[in-house]
Amino acid sequence: MKKIISIILPLLLLGSCTTGIVNPYEDTLFEMVVQAVYPDGFTDMAREGVTVKAEDVNLGNVYKVQTDASAKASLKLPLGIYRISISDRTGENIFNGTVDKYVVKGSGASLNLSLKRTKAGKLVIKEIYSGGCRKDPQEGTYQADQYIIIHNNDVDVQYLDSLCVGTIHPYNATATNPFLGKDAEGKPVYPEFVPVADAVWQFPGTGNTFPLAPGEDAVLCIRGAINHAASFPLSVNLNNPDYFVMYNSNYFTNTSYNPVPGDQIREDHILNCLVKTNPSINATMISNASPVVLLYKSKGVGMREHLALEESIKPIPGSTNGAKVFACPKEWIVDAVEVFDGRSSSNVKRLVDVLDAGYVTLSNVYLGHTLMRRVDKELTDASGFEVLQDTNNSTADFYETEKQSLHE
């Protein structure tokens with residue numbers, strides 16, 4: 001976990017704050033000016049009071065300061081390598097911008113940080129429980145109880161029908177990413193598609209079979225839709241008639257992770273596995289330490305029809321076991337959350353900023369901890385139902401809690 005350190009006077013005068021590990025150069029500060037550049041057509045939305053954040057990628061120290069009326073901010077930073085980011089939201093318009101590995105080596109540095117616009121989502125990921133728990137009072141650890149919660153964040157009824165759920169390759173933020181390149185300046189170059197790993201999972205339904213009212217949740221069991229808590233009290237009971245599950249015994253034969261759904265699970269709540277693209281795995285999964293979770297839905301063509309196209313399935317570069325991915329168009333992404341492994345300083349983003357401009361860190365595994373999206377209290381009070389924060393930046397939108405929301 002990050003430590004809280006003292007706020008030095010120059011930063012205090014700027015209204016900045018910092019958390020992290022003590023930097024030996026903390027008493028030597030250099031000024032850096034960041035200008036937020038809003039996209040064409042939205043320059044009139046530039047405003048004061050927007051947070052500019054600088055995170056030391058090696059030490060974890062985080063420095064924050066607010067923009068002035070010209071959307072400019074001045075930070076005083078020690079020597080280091082930083083991730084500079086801005087996240088802003090006005091109504092349904094979300095603006096995010098990030099620069100990785102920005103080196104502060106003296107005063108006088110300036111950065112024009114271009115912001116990209118996205119729209120607030122209607123269906124969003126509310127919770128990700130991936131890290132597992134201990135088997136107390138027995139010895140050992142347990143990770144066959146992964147689940148996510150999907151939330152209707154809109155004023156209208158939304159339908160789960162035909163919504164797809166998945167993760168991406170590579171599973172872990174610390175792994176080598178064969179889909180990630182670099183340009184001549186060393187900046188990351190992402191593929192034109194999102195490499196969905198292992199399989200395409202889709203909610204059943206005919207279009208209006210599974211409605212979610214405004215503020216309503218849907219629980220999706222990634223693994224075992226059974227009562228895990230009956231054997232392991234620190235886990236959760238996922239045997240519930242309202243829950244959905246990713247289960248296919250033909251493709252995924254590992255019954256330790258994918259047991260037959262419990263007696264309370266409805267047959268029409270079992271997702272369809274439209275295609276399996278990784279022949280070497282025998283269980284559904286997302287990374288327990290640093291998953292990416294995706295919600296996506298086809299546009300203009302049915303998912304089955306799209307999967308029949310040769311270009312929809314692509315090999316993983318360098319793979320020796322025939323593993324492939326589904327090349328999901330970026331514009332099909334409904335919501336995406338990236339998770340970093342809190343035990344490592346070698347995390348690398350897998351999602352382009354327009355899908356998730358940040359990341360949320362899971363401090364450790366097997367603690368029963370979960371990742372939750374923050375509630376937008378102002379919009380919740382005004383709307384009359386629970387509205388979750390959605391800035392398209394998981395660093396701002398999510399936080400880690402010590403217990404799963406489904407823990408009894």
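Just above sits the structure.
This report concerns the structure included in the present document.

Scoring rules and cut-offs
- Residues numbered from 1 in each chain as written.
- Predicted model: local features only at pLDDT ≥ 70, side-chain atom pairs only at ≥ 80, totals over all residues.
- Heavy atoms only, no water.
- Helix = DSSP H or I, 4+ residues; strand = E, 2+ residues; numbered from the N terminus.
- Rg over C-alpha atoms; globule rule 2.2 N^0.38 Å.
- Areas by Shrake-Rupley, 256 points an atom, 1.4 Å probe, with all protein chains shown as cover.
- Lys, Arg positive; Asp, Glu negative; His and termini not counted.
- Charge placed at Lys NZ, Arg CZ, Asp CG, Glu CD.
- 1 Å grid on protein atoms, 1.4 Å probe; cavity = no way out; pocket = protein on both sides within 12 Å on 5 of 7 lines; lining within 4 Å.
- Points joined across faces, edges and corners; volume = space filled by probe spheres on them.
- Nonpolar A, V, L, I, M, F, W, Y, C, P; charged D, E, K, R; others polar.
- Salt bridge = Lys/Arg side-chain N within 4 Å of Asp/Glu carboxyl O.
- Buried < 20%, exposed > 50% of the residue type's maximum accessible area, 1.4 Å probe, protein only.
- Pairing = 2+ DSSP bridges.
- Contact = heavy atoms within 4.5 Å.
- Axes fitted to C-alpha atoms, helices over the stretch in contact; angles between N-to-C directions.
- Core = buried A, V, L, I, M, F, W, Y, C linked by side-chain atoms within 4.5 Å.

1. Regarding the overall build of the protein
Reasoning step 1: Counting its regular elements, the protein contains four helices and 30 strands.
Reasoning step 2: Radius of gyration (C-alpha) of the protein: 22 Å, near the 22 Å computed for a compact globule of 408 residues.
Reasoning step 3: Seen along its three principal axes, the alpha-carbon backbone of the protein occupies a region of about 65 × 50 × 50 Å.
Reasoning step 4: Total accessible area on the protein is roughly 18,400 Å²; 50% of this is exposed by carbon and sulfur atoms.
Reasoning step 5: Looking at the protein, you have 36 positive and 47 negative side-chain charges, and the mean spots of the two groups are 5 Å apart.

2. A word on empty space enclosed by the protein
Reasoning step 1: If you walk through the whole model with that rule in mind, you get four cavities of 30 Å³ or more.
Reasoning step 2: Elements with a minimum of two residues in the lining of the largest cavity: strand 15 (164-166) and strand 19 (199-202).
Reasoning step 3: Grouping the constituent residues of the lining of the largest cavity by class yields 13 nonpolar, three polar and one charged.
Reasoning step 4: Space inside the second largest cavity adds up to approximately 90 Å³.
Reasoning step 5: Forming the walls of the second largest cavity are 15 residues, and the residues nearest its centre are Y190, P191, F193, P195 and R350.
Reasoning step 6: Among the residues forming the lining of the second largest cavity, the class breakdown is 11 nonpolar, two polar and two charged.

3. Some words on the pattern of salt bridges
Reasoning step 1: Tallying each qualifying case throughout the model produces 14 salt bridges.
Reasoning step 2: Close ionic contact of E338 with R350 constitutes a salt bridge, the shortest N to O distance being 3.1 Å. One end of the pair, E338, is in strand 27 (residues 333-341); the other, R350, is in the loop between strand 27 and strand 28 (360-362), with 12 residues separating them in the sequence. The exposure classification of E338 matches that of R350, with both residues buried.

4. A closer look at the pairing of strand 4 (residues 62-66)
The side chains of a regular strand alternate between both faces of the sheet.
Reasoning step 1: Sheet topology places strand 3 (residues 51-56) next to strand 4; five bridges connect them, and they run antiparallel. Opposite A54, over in strand 4, you have Y63 as the bridge partner.
Reasoning step 2: With antiparallel pairing between neighbouring strands as the criterion, strand 3 and strand 4 make up a hairpin whose turn holds five residues, including G60 at a positive phi of roughly 85°.

5. So, the environment of R117
Reasoning step 1: As for its position among the elements, R117 is in strand 9 (residues 116-119).
Reasoning step 2: Sequence separation between R117 and P315 is 198 residues, and the spatial gap between their C-alpha atoms is 31 Å.
Reasoning step 3: Once residues within four sequence positions are removed from consideration, R117 is found in contact with P39, F42, N93, I94 and F95.

6. Some words on the sheet that holds strand 28
Reasoning step 1: Taken together, six strands build an open sheet; the order of strands is 23-19-15-24-27-28 and the sheet is mixed. Each of the sheet's edge strands pairs with one partner strand only, and the pair in question is strand 23 (272-276) and strand 28. Direction aside, neighbouring strands of the sheet carry axes that sit 25° apart on average.
Reasoning step 2: Two elements, strand 27 and strand 28, share three bridges in a ladder whose sense is parallel. From the neighbouring strand, V339 faces strand 28, where its bridge partner is V360.

7. Points about the nonpolar core
Reasoning step 1: Grouped together as the largest cluster of nonpolar side chains are 33 residues, with contacts concentrated most on I128, I148, I150, L160, F203, L220 and F244.
Reasoning step 2: The set of elements that each furnish at least two residues to this core consists of strand 10 (123-129), strand 13 (147-152), strand 19, strand 21 (217-221), strand 24 (292-296), strand 27 and strand 28.
Reasoning step 3: Element by element, the count of residues in this core is highest for strand 10, at three residues.
Reasoning step 4: Contact partners of F203, with chain neighbours within four places excluded, come to I150, L160, D161, S162, L163, V165, L220, F244 and L271.
Reasoning step 5: Residues M32, Y63, V65 and L115 belong to the second largest nonpolar core, which totals 24 residues.

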